[in-house]
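Close look at the chain arrangement
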Amino acid sequence: MDRSAPIYLDYQATTPLDPEARAAMLPFLEERFGNPHSEHVFGWEAAEPVDNARRAVAELIGASPGEIILTGGATEANNLSLIGAARRTERRHFLVSAIEHKSVLAPAAALAEQGFEVETIPVMSDGVIDLECLARLIRPDTALVSVMAANNEIGTLQPLAEVSGLCADRGVLFHTDAAQLAGKQPIDVAALGIDLLSLSAHKIYGPKGIGALYIASNARSQIAPIFYGGGQQDGMRAGTLAPMLCAGLAAAAEKALTQQAVDEAHAKALKTRLLNRLREGLLDIQVNGSEGHSLSGCLNICIPGIDAHGLLMMLQAELAASVGSACNAGLIEPSYVLAAIGLSADEARASLRLGFGRFTSFDEIDQAAALICEKAVRLSHTYAAE
Ligand SMILES: Cc1ncc(COP(=O)(O)O)c(C=O)c1O
């Protein structure tokens, strides 16, 4: 893929569109314009990518196509899980991890405003949830536990099988936001005992504006819709689906499945190279979260004493990366994820997230590391002279 400067190292915010996903989408901008819910040839043509998307997503996570609800993205899938469960249950208690994406934390806060009791599951310094604490927090009236598969800021992977075991024992729904993990590493919802799983096309080289919620067939009756209208998707999510986006999601999910091992090995090699180069150029860097037990395409580092935002501003013509998650970008407050793993406000301010993947080259990694080291050294000299 032709990538002009700046070097793009923000793959957790979004991934570039894969050329195969783009090619699959184009016919639906042109001659195949039908409504996928219409009962005639134009509709049937447009319904094909909808079926393909459900099938491809199901294959990616070990589900069956009938268990996949297509949504506007992971944000909607997360909202449907929490709000949908709250509407169907007599239970009043919800548990979410401290480092969930805002699209889980915000609906949880909305439920708290409506009188539900929402508690937070703490994480340890590597970002992994405290399972013993979770076991203590689950109550007879707990409706749902939401623990993300991989964190979007520090990449930490969570022990999904253990969480599901704790939930299944007590008849509690287990939801996982897998927006960052799906397509990167194998996930088998049945083997892991997951009831609800959210994912997003634009994190797996597909288009923005579409995602999916897996609802295990035996959990279906426990989720109420949050959109009402024409009864599409068996009434679980009303609204006309976008065949163009479905075609992009289908192609992206198919490719993710066939290319997962290659992508993963590439990301791992890039991470090792980046970390080595940074450690050669800067004596003092710390990896935030877990160095080994995290997404291969995500590296969150603290360069003590540096203002990471200032560093990235100095580099904006050459390098695009992020401090904290993109959704926090407008806010000056330190990342709540970094605070949850025990970083001080100063350490959080000195931290940046570098994300890379399928289209990142080793040359880009070398250049990015050299740029970061050079500017960080210069910044620290400036501070010392002040
Ligand atoms: C972990 C996680 N969950 C949910 C989302 C929201 O996904 P979408 O943009 O598809 O709504 C993101 C995107 O940043 C994410 O990283």
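Since we're looking at a predicted model, the values are computed, not measured.

Scoring rules and cut-offs
- Residues numbered from 1 in each chain as written.
- Predicted model: local features only at pLDDT ≥ 70, side-chain atom pairs only at ≥ 80, totals over all residues.
- Heavy atoms only, no water.
- Near = heavy atom within 4 Å.
- Polar contact = N/O pair within 3.5 Å; in protein donor to acceptor, adjacent residues only side chain to side chain.
- Areas by Shrake-Rupley, 256 points an atom, 1.4 Å probe, with all protein chains shown as cover.
- Helix = DSSP H or I, 4+ residues; strand = E, 2+ residues; numbered from the N terminus.
- Nonpolar A, V, L, I, M, F, W, Y, C, P; charged D, E, K, R; others polar.
- Domains from an automatic or database assignment.
- Contact = heavy atoms within 4.5 Å.
- Buried area = accessible area lost by both parts, 1.4 Å probe.
- Salt bridge = Lys/Arg side-chain N within 4 Å of Asp/Glu carboxyl O.
- Phe/Tyr/Trp six-rings, centres within 6.5 Å; stacked < 30°, edge-to-face > 60°.
- Buried < 20%, exposed > 50% of the residue type's maximum accessible area, 1.4 Å probe, protein only.
- Core = buried A, V, L, I, M, F, W, Y, C linked by side-chain atoms within 4.5 Å.
- Pairing = 2+ DSSP bridges.

Okay, the site of the ligand next. For the ligand, the set of nearby residues contains 14 residues, the closest of which are Thr75, Asp177, Gln180, Ser200 and Lys203. Separating an oxygen atom of the ligand from a side-chain N or O atom of Gln180 is a distance of 2.8 Å. Against a free-state accessible area of 400 Å², the protein chains account for coverage of 86% of the ligand. No other element matches helix α3 (residues 74-88), which puts three residues into the shell around the ligand. Considering only residue class, the shell around the ligand consists of three nonpolar, nine polar and two charged.

This paragraph deals with the domain arrangement of the chain. According to the domain assignment, the chain contains domain 1 (7-16 + 260-385) and domain 2 (19-254). Each of domain 1 and domain 2 has a C-alpha centre, and these two points are 28 Å apart. Across the contact, 32 residues belong to domain 1 and 33 residues belong to domain 2. The contact between domain 1 and domain 2 buries some 2,600 Å² in all, and 53% of this surface belongs to carbon and sulfur atoms. By the criterion of area lost to domain 2, the three top residues of domain 1 are Gln260, Leu295 and Tyr336, representing 24% of everything that side buries. There are zero salt bridges connecting domain 1 and domain 2.

Under the criterion given, the structure shown has five aromatic pairs. For the pair Phe94 and Phe116, a centre-to-centre distance of 5.5 Å together with 90 degrees between the ring planes defines the contact as edge-to-face. One end of the pair, Phe94, is in strand β3 (residues 93-97); the other, Phe116, is in the loop between α4 (102-113) and β4 (117-121), with 22 residues separating them in the sequence. Among the residues examined, Phe94 registers a relative accessible area of 0% and is labelled buried. Between Tyr205 and Phe359, the ring centres sit 5.6 Å apart and the planes meet at 85 degrees, which makes this aromatic pair edge-to-face.

Time to look at the nonpolar core. Looking at soluble globular proteins, one finds that nonpolar side chains tend to be buried together. Membership of the largest hydrophobic core comes to 84 residues, with the highest contact counts inside it found for Ile61, Ile68, Leu70, Leu134, Val145 and Leu197. Built from parts of two domains, this core gets at least three residues from each of domain 1 (7-16 + 260-385) and domain 2 (19-254). When near neighbours in sequence (up to four residues on either side) are disregarded, Leu70 contacts Val50, Ala53, Arg54, Gly211, Ala212, Gln233, Arg237, Leu241, Cys246 and Leu249.

A full pass over the atoms with the stated rule returns 20 salt bridges. A salt bridge links Asp141 to Arg139, with the shortest nitrogen-to-oxygen separation between them at 2.9 Å. If you follow the salt bridges from partner to partner, you end up with Asp18, Glu20, Lys255, Asp263 and Arg358 in one network.

Next up on the list: the pairing of strand β10 (residues 298-302). Of all the five residues making up β10, five are buried; the element is thus mostly covered by neighbouring parts of the structure. Burial along β10 is two-sided: the face carrying Cys298, Asn300 and Cys302 and the face carrying Leu299 and Ile301 are both buried. Note that strand β9 (residues 286-287) and β10 share two bridges and pair antiparallel. Bridge pairing in β10 links Val287 to Ile301. Examined bridge by bridge, β10 and strand β12 (residues 351-355) share five bridges and lie antiparallel to one another. Its bridge partner being in β12, Leu299 is matched across the sheet by Leu354.

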